[in-house]
Structure formats: structure tokens, C-alpha cells
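Coordinate analysis (summary)
Each chain is listed here by its residues.
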Amino acid sequence: MSTIVLATQNPGKVAELRALLGGSQIHILGLGDIEDSFPEPEENGDTFLDNATIKAVAYAKATGRPCLADDSGLVIDALGGRPGVISSHYAFDGEIDEQAARLSRQQRDVRNIDRVLAELDEFEPEERTARFVCVMVLADSDGSILATSEGKFEGRIGLPIDHPHATPSDSVPRGSNGFGYDPIFLVGPDFIQTSAELDSKAKNAISHRGQAVRDMIEQIKTLSF
Ligand code: ITT
């Protein structure tokens, strides 16, 4: 059985990734399962692949074990692809300034959601197309790249409840599962449920992270480490 470290500080992702890797012959350690503490690398890449590589390589070298990192985010067509690689700190223009650092992850999620809904205010439902993207990188302890994978999850951003055109099926935020932008992401092709209304099994079956993990597992089976 291969042991790999999940290189993420996000507990929502750890839960999803553990569930996704559960049935495989892969033993998972979270960063929290290792005694040492590790500095969080600066994610200053321009693409999801750059940032996933930065995280996987930094933690693989620091822990001395193979590390699997993902970089993911929300890509909104009407916003020219934003928030993209700065999804986790969009309300702060991607900067982890003092103000952002004082907030909990949930508080930052609420601020990010508010910003996205405000920026989309003028857009009609069919113009609010978006997708979650996830890129995964598995790095070996010497920093070499063992495998990469990618997944996409298509949907639309819903309308705020007070929007003049909002209907019960497309008004958001709704749902309490998941994390991040899930409460405002209407799952395609029906755009009726948000991804926060899906239980973890249903979300993992169709999500960007689910697709990327399944592809990664197939590649890991062919590797020996
Ligand atoms: P790590 O870097 O420690 O893994 P992070 O939360 O900073 O944790 P990312 O840099 O990959 O992770 O940022 C991804 C952000 O994109 C995340 O914080 C959410 O705001 C959003 N996001 C990604 N996947 C999502 C999902 O499945 N549901 C909702 N939002 C998601």
C-alpha cells in the first residue's frame, strides 16, 4: 500500500479527499497527522497547475514523503475567469492581509460569496455560467513530479434572494454541505440544486475534485513508490 500526504490546510478538502481515496489501496496522512508543523508555501502561480505544483513540491520536500496537492477554484465566464486562482481570498483581491488572516475560513467564504454576487448583479441567469476546476499534482519526496490530473464541474452562479428575477429554484445562497462557494453554485445541467445541497457522495461523484482524484488513482496504480 502506498502512503501519501495530502498537502492541504483546508479541512473541507481533507474530508472530501479522504472520502474519495477511501476505497483505494492508498494510505492517506493529513498534514495534521504528522508531528512537525510545516510552513504554508506562497501560492503565487498564475495557473492552478503552477499552484498545485508549488504546494505538492514544498510539502513533499518538507515531509520527506510523496505529497498530493490540489489547487482548485471557481472560474466565472462573465468575470473573465475570476476568481480563478485567487478564489480562496477573492474578497481581499487574493491578498492574505492582516484583515483576511483574522477571519475564519467560513467568514472568508461569506465575504467571497458576497463579492461574487455583487459583481454579477447585472447578469441574467444564462450569463452566469461558471465551473469549478481542480488540478492535482503528486510530487515525490525529492520534489520530482510523479503525476498530474484535472477535473471540471459545470454550473451557474445563482441569483441573490432579493434579485428582481430570482425564483425559488435559482435563488442563493442555499445548502449547508461542502465549503467555499458551494452555497451559490447551481449544479448543471439542471441548475436547480446548489452543490451545498448535495451530500458528499453525490458531490464527489460529479465534482471537479472527484474527477481529478479518480484520474490520479488510476495513475498511482501504475507507479511504484
Ligand atoms: P489549500 O491551499 O491549503 O489546499 P485553499 O482553500 O487555500 O486550501 P485553494 O488555494 O485550492 O485551497 O483555493 C480553492 C478555493 O476555491 C477554496 O478556498 C474555495 O473558495 C474554492 N473552491 C474550490 N473547490 C471548491 C468546492 O468543491 N466547493 C466550493 N468552493 C470550492
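Whatever comes next refers back to the structure up there.
Note that residues are indexed from 1 along each chain, following the sequence as it is written. Only residues with pLDDT of at least 70 get local features here, since the model is predicted, and only at 80 or more are side-chain atom pairs given and counted; chain-wide, interface and lining totals rely on the full set of residues. Side-chain metrics rest on all non-hydrogen atoms present in the structure, leaving aside hydrogens and water.

Quick look at the pairing of strand β5 (residues 145-157)
Two strands make a pair as long as DSSP finds a minimum of two bridges between them. Think of it this way: any DSSP run of H or I at least four residues long counts as a helix, any run of E at least two long counts as a strand, and we number them from the N terminus. When strand β4 (residues 129-139) meets β5, the two strands line up antiparallel, connected through 11 bridges. Paired with Ala-130 across the bridge in β5 is Gly-155. Here β4 folds back onto β5, and the loop between the two strands holds five residues, one of which, Gly-143, carries a positive phi near 90 degrees. In the sheet, β5 pairs with strand β8 (residues 185-187) via three bridges, with the strands oriented antiparallel. The partner of Ile-157 across the bridge, within β8, is Phe-185.

Side note on unusual backbone geometry
A cis geometry characterises the amide bond from Arg-82 onward to Pro-83, with omega recorded as -5 degrees. Position of Pro-83 among the secondary structure elements: in the loop between β3 (67-76) and α3 (98-102). Cis rather than trans, the peptide bond between Val-172 and Pro-173 has omega equal to 5 degrees. The backbone of Phe-191 shows a phi angle near 60 degrees, a positive value even though the residue is not glycine. Residue placement: Phe-191 occurs in the loop between β8 and α5 (200-206). Buried means the residue's accessible area, taken with a 1.4 Å probe over protein chains only, is under 20% of the maximum for its type, while exposed means over 50%, and partly exposed covers the values in between. Residue classification places Phe-191 among the partly exposed positions, given a relative accessible area of 21%.

A few points about the site of the ligand
Any residue with at least one heavy atom within 4 Å of a molecule or strand is counted as near it. Around the ligand, the structure places 20 residues, and the nearest of them are Thr-8, Gln-9, Lys-13, Lys-55 and Lys-203. Polar contact criterion, stated in full: a pair of N or O atoms within 3.5 Å, where within protein one must be able to donate a hydrogen and the other to accept it, and residues adjacent in sequence count only if both atoms are side-chain atoms. Between Asn-10 and the ligand, the recorded distance is 2.9 Å, taken from a side-chain N or O atom to an oxygen atom. With respect to the ligand, the side chain of Glu-43 contributes an N or O atom lying 2.9 Å from an oxygen atom. Only the protein chains shown count as cover for residues, with accessible areas throughout obtained via the Shrake-Rupley method and a probe of 1.4 Å. In isolation the ligand has 610 Å² of accessible area, and contact with the protein removes 97% of it. Secondary structure elements with two or more residues in the shell around the ligand: β3 and α6 (208-221). For the shell around the ligand, the leading source of residues is β3, giving three residues. For this scheme, ten residues count as nonpolar: Ala, Val, Leu, Ile, Met, Phe, Trp, Tyr, Cys and Pro. Four count as charged, namely Asp, Glu, Lys and Arg, and the remainder, Gly too, count as polar. Residues that form the shell around the ligand fall into these classes: three nonpolar, nine polar and eight charged.

Here's the deal with the pattern of salt bridges
Salt bridges, as used here, are contacts in which a Lys or Arg side-chain nitrogen is within 4 Å of a carboxyl oxygen on Asp or Glu. Scanning the model with the defined rule gives 13 salt bridges in all. A salt bridge links Asp-182 to Lys-203, with the shortest nitrogen-to-oxygen separation between them at 2.8 Å. Of this pair, Asp-182 sits in the loop between β7 (171-172) and β8 while Lys-203 sits in helix α5; the two residues are 21 residues apart in sequence, bridging distant segments of the chain. Of the two residues, Asp-182 and Lys-203, neither departs from the other in class, the shared state being buried. Three or more residues are tied together by salt bridges with common partners; here these are Arg-82, Asp-93, Arg-115 and Glu-119.

Focus: the state of the cysteines
Throughout, a disulfide means two cysteine sulfur atoms within 2.5 Å of one another. In this structure the tally under the stated criterion is zero disulfides. Here Cys-134 stays unpaired: no disulfide links it, and the sulfur of Cys-67, its closest cysteine neighbor, is 16 Å away.

Considerations on the packing of aromatic side chains
Aromatic contacts are taken between Phe, Tyr and Trp rings whose centres are within 6.5 Å, Trp giving its six-membered ring; a plane angle under 30 degrees counts as stacked, one over 60 as edge-to-face, and the others as tilted. Within this structure, the stated rule accounts for three aromatic pairs. Note on Phe-132 and Phe-153: the rings are 6.2 Å apart at their centroids and 35 degrees apart in plane angle, and the pair reads as tilted. A residue pair is termed long-range when its members are at least 10 positions apart, and Phe-132 in strand β4 and Phe-153 in strand β5 qualify at 21 residues. Grouping residues by exposure puts Phe-132 and Phe-153 together as buried. On the numbers, 4.4 Å between centres and 40 degrees between planes, the contact of Phe-132 with Phe-185 is tilted.

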